[in-house]
Amino acid sequence: MVEVLVAGSAGLLAADGGAMFLGDDLIPYLVLAVGGALLVGNLAAMVRPRRAGDGGAPVRAPARRAVPLALVGLVAAIWALATLLAG
């Protein structure tokens, strides 16, 4: 017998009523991952600047851009953790 996949509103569901990938918490997990990556990536860019060209002076990430983006990532990660722990 061939299994048919039906597109649901929150992901793919098996035709036999199987569970969704990561259950009903898929969106909070994705928000946690993106928020954490945004936070860690921007902080790392500020702490450890990259080298410009062939051994040139380090180029620091602009704080006017990196700090607000890191804060957005922090808020998203905290929101997703609160959602996962509450439900």
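Refer to the structure printed above.
Calculation notes
- Along each chain, residues carry numbers from 1 onward, in the same order as the chain's sequence is written.
- Local features in this predicted model are restricted to residues of pLDDT 70 or higher, and side-chain atom pairs are both shown and tallied only at a pLDDT of 80 or more, whereas totals for entire chains, interfaces and linings draw on every residue.
- Side-chain numbers come from the whole structure's heavy atoms, not from hydrogens or water.
- Working definition: helices are DSSP H or I runs of at least four residues, strands are E runs of at least two. Numbering for both runs from the N terminus.
- The classification of residues rests on relative accessible area computed with a 1.4 Å probe and restricted to protein chains. Under 20% of the type maximum is buried, over 50% is exposed, and intermediate values are partly exposed.
- It only takes one pair of heavy atoms within 4.5 Å for two residues to be counted as in contact.
- Using the Shrake-Rupley algorithm and a 1.4 Å probe, accessible areas are obtained, with residue cover drawn only from the displayed protein chains.
- Residues enter a patch when their relative accessible area is above 30% and they make no salt bridge; the linking distance is 9 Å between like charges and 5 Å between nonpolar side chains (Val, Leu, Ile, Met, Phe, Trp, Tyr).
- One speaks of a salt bridge when a side-chain nitrogen belonging to Lys or Arg is within 4 Å of a carboxyl oxygen belonging to Asp or Glu.
- Working rule for helices: expected span equals 1.5 Å times residues minus one.
- Note on method: axes are straight lines fitted to C-alpha atoms, helices fitted across the in-contact stretch only, with angles between N-to-C directions ranging 0 to 180 degrees.
- By definition in this entry, angles of less than 35 degrees are roughly parallel, angles greater than 145 are roughly antiparallel, angles of 65 to 115 are roughly perpendicular, and the rest are oblique.
- Whether a crossing is left-handed or right-handed is set by the direction in which the near helix is turned from the far one by less than a right angle, anticlockwise for left-handed and clockwise for right-handed.
- Charged means Asp, Glu, Lys or Arg here, nonpolar means Ala, Val, Leu, Ile, Met, Phe, Trp, Tyr, Cys or Pro, and polar covers whatever is left, Gly included.

### Observations concerning the overall build of the protein chain
Alright, step 1. Regarding its fold elements, the protein chain presents two helices and four strands.
Alright, step 2. Along the protein chain, helices and strands appear, N-terminal first, in the series β-β-α-β-β-α.
Alright, step 3. A burial count over the protein chain gives 16% of its 87 residues as buried.
Alright, step 4. Long-range contacts, defined as pairs at least 24 residues apart, comprise 49% of the intrachain contacts of the protein chain with a sequence gap of at least 6.
Alright, step 5. As displayed, the protein chain has an accessible area near 6700 Å², and 69% of this comes from carbon and sulfur atoms.

### Remarks on a nonpolar patch on the surface
Alright, step 1. Together, V67, L71, L74 and I78 make up a nonpolar patch on the protein surface, roughly 330 Å² of accessible area in all.
Alright, step 2. Looking at the secondary structure, you find L71 in helix α2 (residues 63-86).
Alright, step 3. For L71, a relative accessible area of 49% translates into the label partly exposed.

### A word on α2
Alright, step 1. With 24 residues, α2 ought to run about 34 Å at 1.5 Å a step, and its terminal C-alpha atoms sit 34 Å apart, in line with that.
Alright, step 2. Along α2, the residues classified as buried are A66, A70, G73, A76, A77, A80 and L84.
Alright, step 3. At its buried positions, α2 is contacted by α1 (26-47).

### Re the packing of α1 against α2
Alright, step 1. Their axes nearest at 7 Å, the elements α1 and α2 cross at an angle of 150°. In terms of their interaxial angle, α1 and α2 are classed as roughly antiparallel. Judged by the twist between their axes, the crossing of α1 over α2 is left-handed.
Alright, step 2. Split into classes, the residues belonging to the contact of α1 with α2 amount to 20 nonpolar, five polar and no charged.

### Points about the environment of L30
Alright, step 1. The topology assignment puts L30 in helix α1.
Alright, step 2. When its relative accessible area of 47% is taken as the criterion, L30 is described as partly exposed.
Alright, step 3. For the pair L30 and A77, spaced 47 residues apart in the sequence, the C-alpha separation amounts to 9.7 Å.

### Describing α1
Helical geometry: 3.6 residues make up each α-helical turn, so side chains three or four residues apart lie on a common side.
Alright, step 1. In this model, α1 (22 residues) spans 32 Å end to end at C-alpha, consistent with the 32 Å of a helix rising 1.5 Å per residue.
Alright, step 2. Turning to α1, its buried residues number three or more, namely L26, P28, G35, L39 and N42.
Alright, step 3. Against α2 lie the buried residues of α1.

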